[in-house]
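Architecture at a glance
Residue-level listing of the chains:
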Amino acid sequence: MGIWDLPASEKDAVELLQGYGIIPNECTCKNSHKMKLYFGKQIFWKCNVEECNQHLGVRTGNWFEGSRISFVTAMRFIYCWCKELTSIKICAVELGIADKTVIDWDNYMREICALEMDEKERKQIGNKGLIVEIDESLFVKRKNNTGRVLPQHWVFGGICRETKDTFLVTVPNRRGAVTFMEKICENIKEGSIIYSDCWQGYKTSELENAGFLHGTVNHK
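Throughout, a residue's number is its position along its own chain's written sequence, starting from 1. Local features in this predicted model are restricted to residues whose pLDDT is 70 or higher, and side-chain atom pairs enter the listing and the counts only when it is 80 or higher, whereas totals over whole chains, interfaces and linings include all residues. To obtain the side-chain values, all non-hydrogen atoms of the structure were used and water was disregarded.

Looking at an unreviewed UniProt entry, the protein chain carries the name DDE_Tnp_IS1595 domain-containing protein, with the source organism given as Trichonephila clavata.

Quick look at the structure:
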């Protein structure tokens, strides 16, 4: 599927998202009446029971809550993100998205990937002679339903260059070198070749004593 095969209308975009389970196919009001989804200038659920007549926004209670860009634009951003085409300049010119929104949505997509990896069955990656690239990053979750920014947290992960197997775990903070060493031993097979940046927490002597080979990359 190419970008021009994606839905061109909000109705079609919502229906496609419903097919993936991102937006619910059914909704009930506070009085447990079944609601109907209406499409127009706004998209909303409405209870047609006369004495009830409640309304509910289509973004309420799902992944899109709090977002403002159109569903069509959101789907095109997701497509471009998967193709690594979401620089601020590209998104401004091609999708009409403001700089801050691009940064927010980049974070949203990283969050989804992190959650997916965190739910995967844990197994050690790499093997003798295989390269495992490791890195750590500070994740900032999107605002919750109250608008309050959720706490930041450090995540540590790795990918095997040859097999593409991955792991991702949360860590208390970036200063805990002992914690990183424990996570390396838990998630990477002995004999693997580990590539990391030059952060002093990755001590070559300790890694080699644990049965790994260690190489560093200077990002400067």
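With respect to the secondary-structure elements, Ser-192 resides in the loop between helix H5 (177-187) and strand E7 (193-196). Relative accessibility decides the category of a residue: with a 1.4 Å probe and only protein chains considered, values under 20% of the type maximum give buried, values over 50% give exposed, and everything between is partly exposed. On the accessibility criterion, Ser-192 (0% relative accessible area) is buried. On a C-alpha basis, the gap between Ser-192 and His-55 in space is 57 Å, while along the polypeptide they are 137 residues apart. Within 3.5 Å is the distance limit for a polar contact, defined as a pair of N or O atoms, with the added protein rule that one can donate a hydrogen and the other accept it, and that residues adjacent in sequence qualify only through two side-chain atoms. Looking at Ser-192, its side chain comes within polar contact range of the main-chain oxygen of Lys-189, at 2.7 Å. Put simply, DSSP marks the helices as runs of H or I at least four residues long and the strands as runs of E at least two long, and each gets a number from the N terminus on.

To continue, consider the pattern of salt bridges. Here, a salt bridge means any Lys or Arg side-chain nitrogen found within 4 Å of an Asp or Glu carboxyl oxygen. As enumerated under the stated definition, the model contains five salt bridges in all. The residue Glu-26 makes a salt bridge to Lys-34 at a minimum N-O spacing of 3.9 Å. For the pair Glu-26 and Lys-34, one class covers both residues: exposed. When the shortest N-O distance is used, the salt bridge between Glu-133 and Arg-161 registers 2.9 Å. Of this pair, Glu-133 sits in strand E4 (residues 131-140) while Arg-161 sits in the loop between strand E5 (152-160) and strand E6 (166-171), and the two are 28 residues apart along the sequence. On the accessibility criterion, Arg-161 (38% relative accessible area) is partly exposed.

Residues Ile-194 and Ser-196 of E7 are buried on one face, while the alternating residues Ile-193 and Tyr-195, pointing to the opposite face, are not. By convention, a crossover is right-handed whenever its connection, traced from the first strand over the helix to the second and viewed with the strands pointing away, goes clockwise. In this fold, E7 hands off to helix H6 (residues 204-209), which returns the chain to strand E8 (residues 213-216); that crossover is right-handed.

By secondary structure assignment, the location of Gln-18 is in helix H1 (residues 10-19). Look at Gln-18 and you get buried, because its relative accessible area is 10%. Residues count as neighbours in contact if any of their non-hydrogen atoms are within 4.5 Å of one another. Non-local contacts of Gln-18, meaning those with residues more than four positions away in its chain, are made with Ile-23, Pro-24, Asn-25, Leu-37 and Trp-45.

Turning our eyes to something else, we now look at the sheet that holds strand E1 (residues 35-38). Read across the open sheet, the three strands follow the order E1-E2-E3; overall the sheet is antiparallel. The sheet is open, and its two edges are formed by E1 and strand E3 (55-57), each paired on a single side. Looking at each pair of strands side by side, their axes are set apart by 25° on average, direction ignored. Pairing between strands is defined by DSSP: at least two bridges between the two strands are required. Helix axes use the C-alpha atoms of the stretch in contact, all axes being lines fitted to C-alpha atoms, and the angles between their N-to-C directions lie in the range 0 to 180 degrees.

The next point concerns the environment of Glu-111. Mapped onto the elements of the fold, Glu-111 is located in helix H4 (residues 99-119). Placed 103 residues apart in sequence, Glu-111 and Ala-8 show a C-alpha to C-alpha distance of 26 Å.

Moving on, we come to the confidence of the model for the protein chain. Confidence in the prediction of the protein chain, expressed as mean pLDDT, is 85, and 90% of residues score 70 or more. Contacts from residues 143-149, a stretch scored under 50 in pLDDT, to residues over four places away or in other chains number four contacts. Values of pLDDT, the confidence the predictor places in each residue, fall between 0 and 100.

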